[in-house]
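Survey of secondary and tertiary structure
This is what each chain is made of:
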Amino acid sequence: LAKTTQPISMDSYEGQEVNITCSHNNIATNDYITWYQQFPSQGPRFIIQGYKTKVTNEVASLFIPADRKSSTLSLPRVSLSDTAVYYCLVGGGATNKLIFGTGTLLAVQP
Amino acid sequence: NAGVTQTPKFRVLKTGQSMTLLCAQDMNHEYMYWYRQDPGMGLRLIHYSVGEGTTAKGEVPDGYNVSRLKKQNFLLGLESAAPSQTSVYFCASQPGLALDTQYFGPGTRLTVL
C-alpha cells in the first residue's frame, strides 16, 4: 500500500507562496494523488488531484515529477484563511487502498 | 441540497453500550465511506460501500459494523463501545467514478467513558 509522508507543520506569512511536499515512494501505477484541506471541526475538503506533471486550478497547483515518488502542493499568495491541515492522499478510487497522510499543519501569520 | 449530513454531532457512551451513527447524502452518490480521526493519526478508513447493499472493510474495521440498505444512507454501528473508539468519525460520499472527489460530512465526536 502506498504510504505518504509529509512535514508535520509549516509556517508562512500572508502573501507568500507555500509549497508542501508529500513523499509516496510506493505509489502504484494506477494511483492518483489528491490533496485535501481540513479546518478545525470540519470534514476535509478537496483541493486538487493529479497523475503526473503539473495540474493547476483556481486555488492551487500540483507538481508531480516523472518518477511520481513525491508531489508538491503549491498555494500562491496565502492568506490567514489558508491556515489549516493539508492531507496528501494516494489511491485509485473506492478501494481500501485510500491512505491519508499524517497531514501538514500550515500556519499563516499576518 | 444538504450534501453529506451526519447524526448525531456529539455523543458520550459508557463502555459496553451500543450506538449507530447515521450518514446521509442527497447527491445520489454510489460510494460511501466511514473514517475515524484521532489526534496525530490523520484519517483512517473503517468501512466503505460501493453501492446499495454492499459493504467492505477498510484499514481499521474491528469493533465496527456497517449497513447500506438504502443508497442515500450509510450506517456505522458500535455493538459494544470501548474507550479506544473515542474519536471523531467522518462520513464521505463519492459519485462513483474512480478518482472522483470525496465529499465529507461535518463529523461526529464520540467519547466512550
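Residues numbered from 1 in each chain as written. Chains lettered and ligands numbered in written order. Predicted model: local features only at pLDDT ≥ 70, side-chain atom pairs only at ≥ 80, totals over all residues. Heavy atoms only, no water.

Thoughts on the packing of aromatic side chains
Counting across every chain of the model gives seven aromatic pairs over all chains. The interplanar angle of 65 degrees and the centroid separation of 5.8 Å between the aromatic rings of Tyr64(B) and Tyr89(B) together place this pair among those described as edge-to-face. Residue Tyr64(B) is found in the loop between strand E6 (54-57) and strand E7 (65-67), and its partner Tyr89(B) is found in strand E9 (residues 87-94); the two are separated by 25 residues along the sequence. Accessibility classification places Tyr64(B) together with Tyr89(B) in one group, the buried group. Through a chain of ring-to-ring contacts, the aromatic side chains of Tyr36(A), Phe46(A), Tyr33(B), Tyr35(B), Tyr48(B) and Phe104(B) assemble into a single cluster. Taking the ring centre of Tyr51(A) as reference, the NZ or CZ of Arg68(A) above it sits at 3.9 Å. (Phe/Tyr/Trp six-rings, centres within 6.5 Å; stacked < 30°, edge-to-face > 60°. Helix = DSSP H or I, 4+ residues; strand = E, 2+ residues; numbered from the N terminus. Buried < 20%, exposed > 50% of the residue type's maximum accessible area, 1.4 Å probe, protein only. Lys NZ or Arg CZ within 6 Å of the ring centre and 35° of its normal.)

Comments concerning the nonpolar core
All names here are of chain A. The biggest cluster of nonpolar side chains holds 20 residues, and the ones touching the most others in it are Ile 33, Trp 35, Ile 47, Leu 73, Leu 75 and Tyr 86. Mapped onto this core, the elements with two or more residues apiece are strand E2 (18-23), strand E3 (32-38), strand E4 (45-50), strand E6 (61-64), strand E7 (70-75), strand E8 (84-91) and strand E10 (104-109). Here the element with the most residues in this core is E8; it accounts for four residues. Not counting residues up to four positions away in its chain, the partners in contact with Leu 75 are Gln 16, Glu 17, Val 18, Val 59, Ala 60, Tyr 86 and Leu 106. (Core = buried A, V, L, I, M, F, W, Y, C linked by side-chain atoms within 4.5 Å. Contact = heavy atoms within 4.5 Å.)

What about the pattern of salt bridges?
Residue and element names in this part refer to chain B. Inspection of every chain in the model, using the stated rule, returns three salt bridges over all chains. The shortest N-O distance in the salt bridge between Glu 30 and Lys 71 comes to 2.8 Å. One end of the pair, Glu 30, is in the loop between strand E3 (19-25) and strand E4 (31-38); the other, Lys 71, is in the loop between E7 and strand E8 (73-78), and 41 residues separate them in sequence. With relative accessibility at 18%, the residue Lys 71 sits in the buried group. Arg 36 serves as the salt-bridge partner of Asp 38, at 3.0 Å between the closest nitrogen and oxygen. Arg 36 matches Asp 38 in its accessibility class, with the two residues each being buried. A single salt-bridge network, built from bridges that share partners, covers Arg 36, Asp 38 and Arg 44. (Salt bridge = Lys/Arg side-chain N within 4 Å of Asp/Glu carboxyl O.)

Note that every value here comes from positions in space, so none of it alone points to a role or purpose.
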